[in-house]
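# Per-entry structural report
Listed here are the chains, written in short residue letters.
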Amino acid sequence: TRNGINYFDSNAKSFITFRNDPQDKASMSSNYVLSICRDYIGDLWIGTGDGLNLFNRPMDYFIQFKHDPKNPKSLSDNQVTCIYEDSSGLLILGTYHGGLNLFDRRSNSFTTYQHNPENENSLSNNRVHCIQSAGSGLLWIGTDDGLNLFDRRKESFIRYNHDPQNPNSLSNNSVYCIYTDHTRK
């Protein structure tokens, strides 16, 4: 929502709302929730308009991760549009202006992949809308300028874009959702 995150307590049949409190560093970083992911441990990751949040449910507090211009290993942009966890437990985040981020839980650091106009094997656009597995360690990344196939081992992207001269190309360059069938085709 645009006003925090709502947790439904099925026993009490009521909602508990968690919101940002500027006086409390253990609250959410923003009330504008853009994405949510429950990881393999059961932790809840919440992408907002002002950072990434890890929710500690037993203690009802949040750990905030934000962009720090002085730290290249921080989150690249505070608007976290999508969160995906791969089969190895790696968290992959899409941002509104900062490209793709891979989060290392052990070091609490981020590796960033961004568009580089001089490198055709870089991400096609820094506005990432969605992430989905393509199998075999590959990821589909939907952006404002096409679909990307990301190979983590090679740290490179293959871009798929709309070509008006090719009826078999992508129908539009803005990719907001990706679905792969059970065979990953």
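Residues numbered from 1 in each chain as written. Predicted model: local features only at pLDDT ≥ 70, side-chain atom pairs only at ≥ 80, totals over all residues. Heavy atoms only, no water.

### A few points about the side chain of Ser 29
Cut-off, in case you're wondering: Helix and strand definitions here come from DSSP, where helices need a minimum of 4 consecutive H or I residues and strands a minimum of 2 consecutive E residues; each element is numbered from the N-terminal end. Residues adjacent in sequence count toward polar contacts only when both atoms are side-chain atoms; beyond that, a polar contact is any pair of N or O atoms within 3.5 Å, and within protein one must be able to donate a hydrogen and the other to accept it. The contact rule is simple, with two residues in contact once any of their heavy atoms fall within 4.5 Å.
Of note, Ser 29 is situated in the loop between strand E2 (14-18) and strand E3 (33-38). A distance of 3.2 Å separates polar atoms of two side chains, one belonging to Ser 29 and the other to Thr 48. Once residues lying within four places of it in the same chain are set aside, the contact partners of Ser 29 are Asn 20, Thr 48, Asp 50, Gly 51, Asn 53, Gln 64 and Lys 66.

### What about unusual backbone geometry?
Across residues other than glycine, the phi torsion is negative in most instances, and most of the peptide bonds are trans. The condition is simple: Partly exposed describes any residue whose relative accessible area lies between the buried limit of under 20% and the exposed limit of over 50%, with all areas from a 1.4 Å probe on protein chains only and scaled to the type maximum.
Residues other than glycine seldom take positive phi values, yet Asp 60 does so here, at roughly 55°. One can find Asp 60 in the loop between strand E5 (51-56) and strand E6 (61-65). We classify Asp 60 as partly exposed; its relative accessible area is 46%. For Glu 155, which is not glycine, the phi dihedral falls at a positive 55°. Along the polypeptide, Glu 155 turns up in the loop between strand E13 (146-151) and strand E14 (156-160). Exposure remark for Glu 155: the relative accessible area of 48% places this residue in the partly exposed category.

### Regarding the environment of Gly 99
Here Gly 99 is to be found in the loop between strand E8 (91-95) and strand E9 (100-104). Measuring from C-alpha to C-alpha, the distance between Gly 99 and Asn 3 comes to 25 Å, with 96 residues separating the pair along the chain. When sequence neighbours within four positions are dropped, the list of residues in contact with Gly 99 reads Ser 76, Leu 93, Gly 94, Tyr 113, Gln 114, Leu 123, Asn 126 and Val 128.

### Describing the nonpolar core
Here is the rule: Throughout, nonpolar core names a set of buried Ala, Val, Leu, Ile, Met, Phe, Trp, Tyr and Cys residues whose side chains join them through atoms within 4.5 Å.
Judged by nonpolar contacts, the single largest core of 14 residues is most densely connected at Ile 92, Leu 100, Ile 131, Ile 141 and Phe 150. Elements supplying a minimum of two residues to this core: strand E7 (80-85), E9, strand E11 (128-135) and strand E12 (138-143). Residue contacts for Leu 100: discarding those within four places in its chain leaves Ile 92, Leu 93, Thr 111, Thr 112, Tyr 113, Leu 123, Val 128, Ile 131, Ile 141, Phe 150 and Phe 157. Counting twelve residues, the second-largest nonpolar core is a separate cluster that includes Trp 45, Leu 52, Leu 54 and Phe 65.

### Some remarks on the sheet that holds E12
Inclusion rule: Pairing between strands is defined by DSSP: at least two bridges between them are needed. Note on definitions: angles span 0 to 180 degrees between N-to-C directions of axes, and those axes are lines fitted to C-alpha atoms, for helices only across the stretch in contact.
Spatially, the four strands line up as an open sheet ordered E11-E12-E13-E14, and their pairing is antiparallel. The open sheet has two edge strands, E11 and E14, and neither has a second partner. Averaged over all pairs of adjacent strands, the angle between their axes in this sheet comes to 25°, without regard to strand direction. The pairing of E13 with E14 spans five bridges and is antiparallel. Across the sheet, Asp 151 pairs through a bridge with Ser 156, a residue of E14.

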